[in-house]
Amino acid sequence: MPEAGICIVIIVVLALLFDYINGFNDTANAIATSVSTRALSPRAAVLMAAVLNFAGAFTSTGVAKTIGGEIIEPDYSLDNIVVIAGLIGAIAWNFTTWRLALPSSSSHALIGGLVGATLVDGGWQALHLSGIAVIVAGLVLSPVVSWFGGTMLMIAVLRLFGRMPPSRLDQRFKRMQCLAAAAMSFAHGANDAQKGMGVITMSLLAAGLIGSFVVPLWVQVAAAAAMALGTATGGWRIIRTMGGKISKLVPISGFSADMNSSLVILVATFMHLPVSTTHVVSG
């Protein structure tokens, strides 16, 4: 097999590994609140998240196009070794933070890895700085927007339901929290699975194997399956951190956190912006 073909195979394997690790690293973001409030059992929550992660991955390919076209200049002769280096850096960071039970952003890791590897190979002129600026703005602003949205939603929910007896309130919002966790899982798949798709498609285009930046169906299916499989594996270390070490949640606040986060992530997805699920949920 020619050297270019070997590089493509390595990139596909690494990108799917990145999506797999992203799946079990970010499982906590989608289900930690519902598990910590006992709205869902851990097994049921992980299974639901895996199925909806897979479904969400087929929402669009806008985020994939941003990853593939807004970080590196289109006229830069991309060496796939650069992509391999960026992916290895992102995977190493994600795996390390998972081992330490630290919630971390797969989006920041991937974008940072690609930017760093490209900078070493081609200098500043190889980077699409205006595109990177838009991506960074989305990554920075999304937790702030999520913080504000979560605050407003929680105030509204308390005004509507705050006078209910606590036992009845918990019972009602445990059911509603299941819906919010489902929305969060779908949103996670919609945004995060596209990041691996974007890297693979960018490499296929650079190698001349496709004529334009259109994500092939097999890339969509493979990335969705890798993330769903990673989600099904479960990131129990981070679930404990997200579910109990950031704030003490009850069903009403868990519902507000998940529903707000899913809306922020879905809006970002339809704006073609990669965002950090971890940062949005933490906000």
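All figures in this text were calculated on a predicted structure; none of them were measured in a lab.

A. Highlighting the environment of Asp 121. Within the secondary structure, Asp 121 sits in helix α5 (residues 106-122). Residues Asp 121 and Asp 79 lie 42 residues apart in sequence; the distance between their C-alpha atoms is 8.5 Å. Ignoring sequence-local partners within four residues, the contact set of Asp 121 consists of Tyr 76 and Val 82.

B. Representation of the packing of helix α3 (residues 62-69) against helix α7 (residues 166-206). Interaxial distance between α3 and α7 falls to 7 Å at its minimum, and their mutual angle equals 45 degrees. Put simply, α3 runs oblique to α7. For the element pair α3 and α7, the recorded crossing hand is right-handed. Of the residues in α7, those in contact with Gly 62, Val 63, Ala 64, Ile 67 and Gly 68 of α3 are Asn 191, Gln 194, Lys 195, Met 197, Gly 198, Val 199 and Met 202.

C. Fine view of the packing of aromatic side chains. Throughout the structure, instances matching the rule amount to three aromatic pairs. Ring centres of Phe 54 and Phe 58 lie 5.3 Å apart, and the angle between their planes is 65 degrees; on these two criteria the pair is classed as edge-to-face. Note on Phe 54: relative accessible area 32%, which makes it partly exposed. Note on Phe 161 and Phe 173: the rings are 5.3 Å apart at their centroids and 80 degrees apart in plane angle, and the pair reads as edge-to-face.

D. Representation of helix α10 (residues 251-270). Compared with an ideal rise of 1.5 Å per residue, which puts 20 residues at 28 Å, α10 spans 28 Å between its outermost C-alpha atoms and is within 8% of the ideal. Counted residue by residue, α10 has 15 buried out of 20 residues, so it is predominantly covered. Phi for His 272, located one or two positions after α10, is positive at around 65 degrees.

E. Spotlight on unusual backbone geometry. Non-glycine residue His 272 carries a positive phi angle of around 65 degrees. Tracing the sequence through the fold places His 272 in the loop between α10 and α11 (277-282).

F. Highlighting the nonpolar core. One finds Ile 71, Val 83, Leu 87, Met 197 and Val 199 to be the most contacted residues of the largest nonpolar core, which totals 47 residues. For this core, the secondary-structure elements that each account for two or more residues are α1 (3-36), α3, α4 (80-99), α5, α6 (129-161), α7 and α8 (217-233). A per-element tally of this core places α1 first, with nine residues. Once residues within four sequence positions are removed from consideration, Met 197 is found in contact with Asp 19, Ala 57, Ala 64, Val 215, Val 219, Gln 220 and Ala 223. Formed by 19 residues, the second largest nonpolar core is a distinct cluster that contains Ala 30, Ala 45, Ala 182 and Ala 268.

Rules behind the numbers
Residues numbered from 1 in each chain as written. Predicted model: local features only at pLDDT ≥ 70, side-chain atom pairs only at ≥ 80, totals over all residues. Heavy atoms only, no water. Helix = DSSP H or I, 4+ residues; strand = E, 2+ residues; numbered from the N terminus. Contact = heavy atoms within 4.5 Å. Axes fitted to C-alpha atoms, helices over the stretch in contact; angles between N-to-C directions. Parallel < 35°, antiparallel > 145°, perpendicular 65-115°, else oblique. Left-handed = near helix turned anticlockwise from the far one by under 90°. Phe/Tyr/Trp six-rings, centres within 6.5 Å; stacked < 30°, edge-to-face > 60°. Buried < 20%, exposed > 50% of the residue type's maximum accessible area, 1.4 Å probe, protein only. Expected span 1.5 Å × (residues − 1). Core = buried A, V, L, I, M, F, W, Y, C linked by side-chain atoms within 4.5 Å.

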